[in-house]
Amino acid sequence: MIETVSVARRHGGVQGVYRHGAAETGCDMQFAVFVPPHAAGARLPVLWFLSGLTCTHANVMEKGEYARAAAEQGVIFVAPDTSPRGDGVADDPGYDLGQGAGFYLDATQAPWAPHFRMASYLERELPAVIADNFPADMARQGIMGHSMGGHGALTIALRSPGRFKSVSAFAPIVAPMDCPWGQRAFAAYLGPDRASWRGYDACALIEDGARLDELLVDQGGDDAFLTEQLMPERLEAGCATAGIPLKLRRQPGYDHGYHFVSTFMAEHVAWHAARLTR
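What comes next is a walk through the structure. What you see is a predicted model, and the numbers here were worked out from it, not measured in a lab. (Residues numbered from 1 in each chain as written. Predicted model: local features only at pLDDT ≥ 70, side-chain atom pairs only at ≥ 80, totals over all residues. Heavy atoms only, no water.)

With respect to the secondary-structure elements, serine 120 resides in helix H3 (residues 118-133). A relative accessible area of 3% means that serine 120 is categorised as buried. At a separation of 2.5 Å, a polar atom in the side chain of serine 120 contacts the side chain of aspartate 106. There is a polar contact of 3.2 Å between the side chain of serine 120 and the side chain of arginine 117. In this structure, serine 120 is in contact with Glu24, Asp106 and Glu125, ignoring residues within four places of it in sequence. (Helix = DSSP H or I, 4+ residues; strand = E, 2+ residues; numbered from the N terminus. Buried < 20%, exposed > 50% of the residue type's maximum accessible area, 1.4 Å probe, protein only. Polar contact = N/O pair within 3.5 Å; in protein donor to acceptor, adjacent residues only side chain to side chain. Contact = heavy atoms within 4.5 Å.)

With that settled, the discussion passes to helix H8 (residues 232-242). If you check which residues of H8 are buried, you get Pro232, Leu235 and Cys239. What you see down the axis of H8 is that its buried residues fit within an arc of 55°, all on one side. In H8, those exposed residues whose orientation departs by more than 90 degrees from the buried face are Ala240 and Thr241. Within two residues after H8, glycine 243 carries a phi angle of roughly 75°, on the positive side. (Arc of directions from axis to C-beta.)

With that out of the way, let us pick up the pattern of salt bridges. Under the defined criterion, the tally for this structure stands at 17 salt bridges. Residue aspartate 178 pairs with arginine 194 through a salt bridge whose shortest N-O separation is 3.3 Å. Of this pair, aspartate 178 sits in the loop between strand S7 (164-170) and helix H5 (180-190) while arginine 194 is found in the loop between H5 and helix H6 (202-207), placing the two residues 16 residues apart along the sequence. (Salt bridge = Lys/Arg side-chain N within 4 Å of Asp/Glu carboxyl O.)

By secondary structure assignment, the location of alanine 139 is in strand S6 (residues 136-146). For alanine 139, a relative accessible area of 53% puts it in the exposed group. A C-alpha to C-alpha distance of 25 Å links alanine 139 and glycine 21, two positions 118 residues apart in sequence.

Right, here's the structure in full:
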């Protein structure tokens, strides 16, 4: 069962926000879904967007400027939350750990393990909810994300061969095992054994044999996190070695925020749609 939090008409389609009790996270989870105008009985491709640190579904819904493109391309756009939330859910004073910073993994360490199961939630539970409640063709799915969500999009796609027909990212964290954000989160959620971290690191997954058909990445040239946290050259090198076609577009003058994301969002939606509808 899902509860409707809000619905509004948008570019001829319906923008909704919904809530359900999630078994994987053990708490209520909210998510946004835009359903474009479509013929009765039609089943539409699904495009997932995973958000970054501190975000909820609302950030991209309000600032991502995806709805017109999704309406024109005829794709359902799904924006989940970034973590479990609530009074009984573990948290941390830092912005990069705890609520708002789930890192799209299944935690194994206390106090995080009971609720922080975002990988299983997004790989299994929420897709079933989308399939049951929306006119979704789950044989045609794409995924993209921003920053921590770019990390999530890459790692979920790499761990789920055959599920996604298209994958892209905005300024993704590509090697979290080797950057401060990832090292802090992985140590807390997964413990000190770095071998357990590899399943949530895009560069490590590629090194270990995981593959994508192709990949689109946009990276702002004036991103304050570019050198220490994001390191797109690591992904570039890994894809080259693995033979994964990567289109890495370095965008001069753009930073890490939603002005950057919204500028190139329509291009990403169209890129996904071309692969989801051909």
